[in-house]
Amino acid sequence: MVPLLLVLLLALLLFGAGFAVKILWWVAVVVLVLWLVGFVARGTHSSGRRHRWYRW
């Protein structure tokens, strides 16, 4: 009985990890798209030079 419960627990854990990894991939894609949009749509200073859209 205990090995069966351990196998079921392992399957549940791996399913949860797979779902979390899939969600993290979607989050990474969204962040990449936002970064690219910010990189393309950055503004200009009054001197005409383009500046970074982030602070660091």
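Predicted, not measured: the structure shown is a model, and the values here were computed from it.

K.L.:
Looking at this model, I keep getting lost on the overall build of the chain. Mind explaining?
P.N.:
Of the regular secondary structure elements, the chain holds 1 helix and 0 strands. Looking at the chain as a whole, 2% of its 56 residues are labelled buried. Accessible area of the chain: about 5600 Å², with a carbon and sulfur share of 78%.

K.L.:
What am I meant to see in a nonpolar patch on the surface here?
P.N.:
The grouping of L32, W35, L36, F39 and V40 at the surface amounts to a nonpolar patch, some 500 Å² of accessible area in total. With respect to the secondary-structure elements, V40 resides in helix α1 (residues 2-40). Given the relative accessible area of 64%, V40 is considered exposed.

Calculation notes
- Residues numbered from 1 in each chain as written.
- Predicted model: local features only at pLDDT ≥ 70, side-chain atom pairs only at ≥ 80, totals over all residues.
- Heavy atoms only, no water.
- Helix = DSSP H or I, 4+ residues; strand = E, 2+ residues; numbered from the N terminus.
- Buried < 20%, exposed > 50% of the residue type's maximum accessible area, 1.4 Å probe, protein only.
- Areas by Shrake-Rupley, 256 points an atom, 1.4 Å probe, with all protein chains shown as cover.
- Patch = residues over 30% accessible without salt bridge, like charges linked within 9 Å, V, L, I, M, F, W, Y side chains within 5 Å.
- Salt bridge = Lys/Arg side-chain N within 4 Å of Asp/Glu carboxyl O.

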